[in-house]
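Chains, contacts and geometry: an overview
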Amino acid sequence: MSLLIYMQHGKHKGGLVSEEDAKVSVFDHGLLYGDGVFEGIRAYAGKVFKLQEHIDRLYNSAKAIRLDIPMTKKEMTAAVRDTVKANKLTDCYIRLIVTRGKGPMGLDPGKCVDPCVVIIATTIAMYPEEQYEKGLEIITATTLRNHPAALDPRIKSLNYLNNILAKIEADNAGTFEAIMLNTDGLVAECTGDNIFLIIEGALCTPPGTAGVLKGVTRSVVMELARKQKIEVKEVCLSRYDVYSAEECFLTGTGAEIIPVVKVDGRIIGDGKPGPITRKLLKEFRKLTKSGK
Ligand SMILES: Cc1ncc(COP(=O)(O)O)c(C=O)c1O
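This one's a predicted model, so the numbers in the text were calculated from it and none came from an experiment.

Within the chain, the regular secondary structure consists of 8 helices and 15 strands. For the chain, whose C-alpha radius of gyration is 19 Å, the value lies close to the compact-globule estimate of 19 Å for 292 residues. Expressed along its principal axes, the backbone C-alpha trace of the chain runs to roughly 55 × 40 × 30 Å. Within the chain, the fraction of its 292 residues that count as buried is 42%.

Structural data, given as structure tokens:
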């Protein structure tokens, strides 16, 4: 089935076009240099989950790379909702992309005058349910996460090669995900997910300054934990903390909350998804079903 894609070039009013007609120039700096930003969002039962938070992150990412998105946040919000509706999708994945636009060869972003906005709403490929029941095995990649002074991982840019190199390591090891350390050798995040540990009953995750994307799911999970009276700590974590944690799980728009039971051959906790992880997953799914 052909999808309807929202496209806008610069300030010229955009709209929905068929997948076949949704075209981006080969001179777009998003393609030539990975110059742009994006978001991955989900809709549950027709309601876009945490849309405001994703839009805010998109505009912050764009500001950080000095890219002026040619639409207001209000227009962008409406365009996302319209795209989901037009495709008659209820449970779906939404990819929001803003590229620097078409320009001559050469890095100069100043020569690209019309940033390009693309919104895709499509079906979602999830982890098999079995993985939520059994938990994942993951590894630590040798590829380090980008140093924040080089390319801050808080910017959700179109340049994902750093994560792709670590993902190749995960693939080679036969795992779905890999932990990426920062340049201090401390845990940052995974290739497409944030990481959480339960240590002495507290929920621990590395802070934004450790070089991680501040995941929308990450924030939701921290809030859910506080509501459950679980202590939440944003702290620097090492591989030792991972190996000796009581529980470990990953969060992301696609994965939601997925338990991890083995890291680098070490069994985490008792090798089964732990009680806090299971409770938070249950609460998270309740929230997505509630339409809030
Ligand atoms: C590198 C990275 N970390 C974490 C996440 C999780 O973020 P979110 O919960 O906003 O999907 C993602 C997914 O977008 C990601 O690409």
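Let us look at the site of the ligand. Of all residues adjacent to the ligand, which total 14 residues, the nearest are Leu-213, Gly-215, Val-216, Thr-217 and Thr-253. Contributions of two or more residues to the shell around the ligand are made by helix H6 (216-227) and strand S13 (247-252). In terms of residue count, the dominant contributor to the shell around the ligand is H6 (3 residues). Taken together, the residues of the shell around the ligand sort by class into 2 nonpolar, 9 polar and 3 charged.

Turning to helix H2 (residues 51-64), a few remarks are in order. Helix length check: H2 (14 residues) gives 20 Å between terminal C-alpha atoms against 20 Å at 1.5 Å per residue, within 8%. Among the residues making up H2, those that are buried are Leu-51, His-54, Ile-55, Arg-57, Leu-58, Tyr-59 and Ser-61. Residues of H2 that are buried in the fold lie against strand S3 (36-44), strand S4 (47-48), helix H3 (73-86), strand S5 (92-99) and H6. Where H2 ends, the next residue or the one after it, Arg-66, has phi of about 55 degrees, a positive value.

The subject of this paragraph is the domain arrangement of the chain. For the chain, the assigned domains read domain 1 (4-122) and domain 2 (129-290). The interface is formed by 20 residues belonging to domain 1 together with 12 residues belonging to domain 2. The set of elements that each furnish at least two residues to the side of domain 1 that touches domain 2 consists of S3 and H2. A class-by-class count of the residues in the side of domain 1 that touches domain 2 yields 7 nonpolar, 7 polar and 6 charged.

To continue, consider the sheet that holds strand S1 (residues 4-9). The antiparallel open sheet is built from 6 strands, whose spatial order is S2-S1-S6-S5-S3-S4. Taken across any chain shown, the strands that pair with only one partner, and hence form the sheet edges, are strand S2 (15-18) and S4. Alignment of S1 against S2, held across 4 bridges, turns out to be antiparallel. Bridging across to S2, Tyr-6 finds its partner in Leu-16. H3 contacts S1, S2, S3, S4, S5 and strand S6 (116-122) of the sheet and is inclined by roughly 40 degrees relative to S6.

Right, let's get into the pairing of strand S7 (residues 136-140). Residues Leu-136, Ile-138 and Thr-140 line the buried face of S7, whereas the alternating positions Glu-137 and Ile-139 sit on a face that is not buried. Note that S7 and strand S14 (residues 256-263) share 3 bridges and pair parallel. In the strand pairing of S14, Ile-138 is matched with Val-263. Looking at chain direction, S7 and strand S8 (residues 178-181) are connected through 2 bridges and run parallel.

Right, let's talk about the packing of H6 against helix H8 (residues 275-290) for a bit. Contact geometry for H6 and H8: axes closest at 10 Å, N-to-C directions at 110 degrees. By the angle between their directions, the pair H6 and H8 is classed as roughly perpendicular. For the pair H6 and H8, the contacting residues are Val-220, Val-221, Leu-224 and Ala-225 in the first and Leu-280, Glu-283 and Phe-284 in the second. Looking at side-chain class alone, the contact of H6 with H8 contains 6 nonpolar, no polar and 1 charged residues.

Conventions we followed
- Residues numbered from 1 in each chain as written.
- Predicted model: local features only at pLDDT ≥ 70, side-chain atom pairs only at ≥ 80, totals over all residues.
- Helix = DSSP H or I, 4+ residues; strand = E, 2+ residues; numbered from the N terminus.
- Rg over C-alpha atoms; globule rule 2.2 N^0.38 Å.
- Buried ≥ 20, exposed ≤ 12 C-beta atoms within 10 Å, placed from the backbone.
- Near = placed C-beta within 6 Å.
- Nonpolar A, V, L, I, M, F, W, Y, C, P; charged D, E, K, R; others polar.
- Expected span 1.5 Å × (residues − 1).
- Contact = placed C-beta atoms within 7 Å.
- Domains from an automatic or database assignment.
- Pairing = 2+ DSSP bridges.
- Axes fitted to C-alpha atoms, helices over the stretch in contact; angles between N-to-C directions.
- Parallel < 35°, antiparallel > 145°, perpendicular 65-115°, else oblique.

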